[in-house]
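Residues per chain are reported as follows:
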Amino acid sequence: MDRATSKVTIVGGGLAGPALALCLKKQHGIMSTVYESRSEDDEGGVNIALAPNALRVMQHIGVYDELRTIGYSYEEMSMTSARTGQQLGSFFNGSEQHYNFAALRIHRREVQATLRREARAQGIEIHFNVKLLRVVEETEKMVKLEFDNGEIVETEFAIAADGIYSRVRKHVLDVELQYSGFVGILGMYMERKLLDESIKNFQLPMFCFGNTGMVAVFPCKNLGTEIDMFSTFPYPARSREAWEALANNKEEKQAIMMEKYSRGGWPEFISRVYKEHVPKNLYFNEFFEVPPLERWSSPIGRVIVLGDAAHAMSPQGGQGAAMAFEDAETLAFTIARPNFNSNRPKYLRAWEQHRKQRVAEVKAYTDRNGKLRTPSNNYVMQLVKD
Ligand SMILES: Cc1cc2nc3c(=O)[nH]c(=O)nc-3n(C[C@H](O)[C@H](O)[C@H](O)COP(=O)(O)OP(=O)(O)OC[C@H]3O[C@@H](n4cnc5c(N)ncnc54)[C@H](O)[C@@H]3O)c2cc1C
């Protein structure tokens, strides 16, 4: 059985993992090794919006300029009435003038690939197709990790960047995920020119509010030539098996969407998507969340959680990745304190407190957004009761 030793081992090569590895290396000269269970060319994930706080971290680690050439930059989101087409107001998702960055709509895999490329250029090793099985033991001196290829890694610090279903988190705290009460439907990469021409009457990106909910319409790809549409709404809880069955049942998903968006009262370019031109890239997600964790590190202080592993929340605030990046930059700063090793619990407590407060604020904003998008008429309430 192989034995490897490295100072910092990061489990998970999604967004938080490579971001942390880059913050450690480029900002503090600390090398780490990343283990990722999926293959390098995994296409998982959807288009996401990176807000200025996410992009600030990307700039600090030197990948912002590249991301900007891939994604679609925008500042204002308009809020529009589905029934009359009238613009009700607008707000900034990002703004060069106010926050130094516009917002960026980009596929999660592009962000991941860019971070991984930069990590590799910095000499950071990322091992793909290797899944952490468990934390075998943690002592005052080291942590021992077991991977599914038989490798046992002894390391000074193990960082959980392994997402909502984190295995590393189990060593710190074993918690049950909670259903947020919301689901989301996302259709990606619809060619703008093939959509109904009523789209020309609307200022994009927009949140379009109708009597059965809200549909967000975003240009995507660098030049905005393609369109994403997504909607989130309350949905009754189901068993895990029933969620899986729904994920694989195209007809049922389409029926749910048609029920909500094709009844009239929606701009033609939206309702026709749900009635006739159902996009190939259609995702239906139920949103689970990590409940607030009592602590983000083990009592000995050699196993630490961050990103979705620590605080996955429903995406209605568009802040999950941003929180993961802020965690990464602040944790790297904490680990790099000269006497961190001998004062781990103290430093980690201070980091945790700072991050928990920030995440709680963002979570409250996210929950508020979810409610604002929910129609107040009986339609949704009836659906939830059924
Ligand atoms: C539909 C949807 C829309 C979203 N929209 C936005 C948005 O607009 N803006 C925003 O900021 N955020 C958004 N998010 C949230 C964002 O995607 C997450 O918060 C972000 O990906 C978290 O990054 P992470 O690295 O912590 O976890 P992940 O991205 O989940 O990465 C975890 C990685 O760990 C790997 N892994 C898991 N288990 C193991 C193991 N045992 N061993 C080794 N590797 C392992 C996984 O393969 C994965 O690569 C959205 C999420 C969803 C679902």
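As a reminder, the structure under discussion sits directly above these lines.
First, a word on what this report is: a plain description of the structure on this page. (Residues numbered from 1 in each chain as written. Predicted model: local features only at pLDDT ≥ 70, side-chain atom pairs only at ≥ 80, totals over all residues. Heavy atoms only, no water.)

Let us look at the site of the ligand. Lining the immediate surroundings of the ligand are 28 residues, of which Ala 16, Glu 36, Ala 49, Arg 108 and Asp 308 lie closest. Within the side chain of Arg 108, an N or O atom sits 2.8 Å from an oxygen atom of the ligand. Taken by itself the ligand offers 1,000 Å² of open surface, and the protein chains cover 85% of this. Contributing elements (two or more residues each) for the shell around the ligand: β3 (47-50) and α11 (320-335). Per-element tally for the shell around the ligand: the top contributor is α11, with 3 residues. Residues belonging to the shell around the ligand are distributed by class as follows: 13 nonpolar, 9 polar and 6 charged. (Near = heavy atom within 4 Å. Polar contact = N/O pair within 3.5 Å; in protein donor to acceptor, adjacent residues only side chain to side chain. Areas by Shrake-Rupley, 256 points an atom, 1.4 Å probe, with all protein chains shown as cover. Helix = DSSP H or I, 4+ residues; strand = E, 2+ residues; numbered from the N terminus. Nonpolar A, V, L, I, M, F, W, Y, C, P; charged D, E, K, R; others polar.)

Under the counting rule described, the total for this entry stands at 20 salt bridges. Of the charged contacts, one joins Arg 105 and Asp 228 as a salt bridge, the two residues approaching to 2.8 Å between their closest N and O atoms. Of this pair, Arg 105 sits in strand β7 (residues 103-107) while Asp 228 sits in strand β15 (residues 226-234), placing them 123 residues apart in sequence. Relative accessible area serves as the criterion here: at 3%, Arg 105 is assigned to the buried category. (Salt bridge = Lys/Arg side-chain N within 4 Å of Asp/Glu carboxyl O. Buried < 20%, exposed > 50% of the residue type's maximum accessible area, 1.4 Å probe, protein only.)

It is worth spelling out the sheet that holds strand β12 (residues 178-191) at this point. Ordered in space as β6-β5-β13-β14-β15-β12-β16, the 7 strands form an open sheet in which the pairing is mixed. Both edges of this open sheet fall to β6 (87-92) and β16 (281-289), since each of them pairs with a single strand only. For this sheet the average axis-to-axis angle between neighbouring strands, irrespective of direction, equals 20°. Both β12 and β15 contribute to a ladder of 8 bridges, which runs antiparallel. Within β15, the residue paired with Phe 182 across the bridge is Pro 234. Contacts from helix α7 (residues 240-247) reach β12 and β16 within the one sheet, and its direction differs from that of β16 by about 165°. (Pairing = 2+ DSSP bridges. Axes fitted to C-alpha atoms, helices over the stretch in contact; angles between N-to-C directions. Contact = heavy atoms within 4.5 Å.)

A separate point is the nonpolar core. For soluble globular proteins, nonpolar side chains are generally found buried alongside one another. Residues Leu 50, Ile 159, Met 229, Ile 270 and Phe 325 are the most contacted members of the largest nonpolar core, which totals 103 residues. At 9 residues, the largest contribution of residues to this core is made by α11. Counting only domains with at least three residues in this core, you end up with domain 1 (3-74 + 103-177 + 291-370) and domain 2 (179-289 + 373-385). In contact with Leu 50, other than residues within four places in its own chain, are Leu 55, Ala 103, Leu 104, Ile 106, Val 111, Ala 321 and Phe 325. Within the second largest apolar cluster, 11 residues are counted, among which are Tyr 74, Leu 186, Phe 207 and Phe 218. (Core = buried A, V, L, I, M, F, W, Y, C linked by side-chain atoms within 4.5 Å. Domains from an automatic or database assignment.)

Tracing the chain through its elements places Glu 352 in helix α12 (residues 344-372). In this structure Glu 352 touches Glu 294, Arg 295, Trp 296 and Ser 297, once residues within four positions along its chain are discounted.

This part covers helix α8 (residues 250-261). The end-to-end C-alpha distance of α8 is 16 Å, a good match for the 16 Å that 12 residues give at a rise of 1.5 Å each. All of the buried residues in α8 are Lys 253, Ile 256, Met 257, Lys 260 and Tyr 261. Projected down its long axis, α8 carries its buried residues within an arc of 105°, all on one side. Of the residues flanking the start of α8, the one acting as N-cap is Asn 249, its side-chain oxygen 3.2 Å from the backbone nitrogen of Glu 251. (Expected span 1.5 Å × (residues − 1). Arc of directions from axis to C-beta.)

Our focus in this paragraph is the sheet that holds strand β4 (residues 72-74). As summarised here, the arrangement of the 3 strands in space is β3-β7-β4, forming an open sheet in which the pairing is antiparallel. On the outer flanks of this sheet lie β3 and β4, each paired with one strand and no other. Taking the axes of each pair of neighbouring strands and ignoring which way they run, one obtains an average angle of 25° across the sheet. Pairing of β4 with β7, which is carried by 3 bridges, proceeds in the antiparallel orientation. Bridge pairing links Tyr 74 to Ala 103 in β7.

The next subject is the pairing of strand β11 (residues 152-160). Among the 9 residues of β11, 7 are classified as buried, and the element is accordingly described as predominantly covered. Where strand β10 (residues 143-147) folds back onto β11 in an antiparallel hairpin, the turn is made up of 4 residues, including Gly 150, whose phi is positive at roughly 90°. Where β11 meets strand β17 (residues 303-305), 3 bridges bridge the pair, whose relative direction is parallel. Bridge pairing links Ala 160 to Val 305 in β17.

For the structure on display, the rule yields 16 aromatic pairs. Relative to Phe 147, the ring of Tyr 35 lies with its centre 4.2 Å away and its plane at 25°, an arrangement referred to as stacked. Note that Tyr 35 is positioned in strand β2 (residues 32-35) and Phe 147 in strand β10, a separation of 112 residues in sequence. You can call Phe 147 buried: its relative accessible area is 1%. Between Tyr 235 and Trp 243, the ring centres sit 6.1 Å apart and the planes meet at 45°, which makes this aromatic pair tilted. Both residues of the pair, Tyr 235 and Trp 243, count as buried. (Phe/Tyr/Trp six-rings, centres within 6.5 Å; stacked < 30°, edge-to-face > 60°.)

The values reported here are purely geometric and, on their own, carry no functional implication.
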